[in-house]
Each structure stands twice: as structure tokens, then as C-alpha cells.
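Structural overview for review
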Amino acid sequence: MSLVPNIEAISREPWLSFQLDGQHYAVLLSQVSEVIRDSEPTPVPGAAEDLLGICHLRGNIVPVMDGRRRLGLNTHAPVDAASTRIVVFAHDAHRIGLRVDAVGDLLQPDVNTIELPPARSGRVDDPVHAVMGWQGGFVALLDVLRLCRLKQELQHVA
């Protein structure tokens, strides 16, 4: 399977934007099950550094990741607690939350504004799928499966 994103497929669907450490990111809206107010998750001893813990969501246990830590951003910068949210992703039976600084707009990418991400670390789990020019800057379009570290063979890129 190719890890090169299909830019035309990316532009067919709306994306939900959010902010982390002053930077803009977005995920496919179809992979978001809901956005909830931030809460303090129950810590899990021995968990990965970017896993804040678990929360109970209507009888289901949902792991909650720290978006800043997962993307290697500044974890000490001030955050507006009133804007902080948990974006809950859904893939098959999996539900995974990501704490973000603020939720933004719905974006409908234009195929002409989407580019492959710049060469970075070469990490296999780098979740940046593509970048899109937006409001004089850019938005990093994230691959939810890589972001949540779900198995890549589950992914089907149109």
C-alpha cells in the first residue's frame, strides 16, 4: 500500500480543524464521532507518555491522548481551559480521544491548495498526511490512524 496520499480524495470530504500550541491541524470529519468538553482522565500507570489516561463516555472506556505531546509540541505553553476540548475519533470498534487547545472550523479543501508535507523526520508514525494553505498560513491534515497509532493495514486510502 502506498503511503503517498491521494490529494483528490483528500479534497472530496470536509475536515474538522483544531489548534494545538497556536498551530492549525485538521482531521477528516467522517472520522470524528464527537467533540466533548475537557475532563481529567483517569491516569493509566505505565502508559505511553502522550496518553493522559482514560475516560468513561456513555459506558465505554476511551483512551485520551495529549495532542501536544503526540505531535511533539510545547506542553508548557498556556492553554485557555474554557476552549480545551477532546475530539473523539471513531474507527471500527475503536474510540480514541485527543485533547486539543480549541476546535475550529469545518474546512473543505481545494485540490489546488493541498500539498505533500515537507520532508520531516521520516518517522513511520508521523501523522501529517498533507498540508493545505489556509488564511495566510497552513493547516496540517492528519491521518487519524497514524495519529492514534492504529494498525496501518486497517487503512484504505481512496
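Just above sits the structure.
Calculation notes
- Residues numbered from 1 in each chain as written.
- Predicted model: local features only at pLDDT ≥ 70, side-chain atom pairs only at ≥ 80, totals over all residues.
- Heavy atoms only, no water.
- Phe/Tyr/Trp six-rings, centres within 6.5 Å; stacked < 30°, edge-to-face > 60°.
- Pairing = 2+ DSSP bridges.
- Helix = DSSP H or I, 4+ residues; strand = E, 2+ residues; numbered from the N terminus.
- Buried < 20%, exposed > 50% of the residue type's maximum accessible area, 1.4 Å probe, protein only.

Re the packing of aromatic side chains
Under the criterion given, the structure shown has one aromatic pair. Centroid distance Phe18 to Tyr25: 6.1 Å. Interplanar angle 20 degrees. Geometry classified as stacked.

Section: the sheet that holds strand S11 (residues 137–142)
What holds strands together in a sheet is hydrogen bonding between their backbones, with the strands either parallel or antiparallel. Spatially, the six strands line up as an open sheet ordered S8-S1-S2-S11-S10-S9, and their pairing is mixed. Single-partner strands in this sheet number two, and they are strand S8 (102–107) and strand S9 (114–115).

Thoughts on the pairing of strand S6 (residues 85–91)
Here S6 lies mainly inside the structure; five of its seven residues are buried. Note: strand S3 (residues 32–37) against S6, five bridges, orientation antiparallel. If you follow Glu34 over to S6, its bridge partner there is Val88. Relative to strand S7 (residues 94–100), S6 runs antiparallel, the two being bridged by seven bridges. By the bridge assignment for S7, Phe89 is matched with Ile96.

Thoughts on unusual backbone geometry
For Arg58, which is not glycine, the phi torsion reads 50 degrees and is therefore positive. Structurally, the position occupied by Arg58 is in the loop between strand S4 (51–57) and strand S5 (60–66). Despite not being glycine, Arg149 shows a phi value in the positive range, around 60 degrees.

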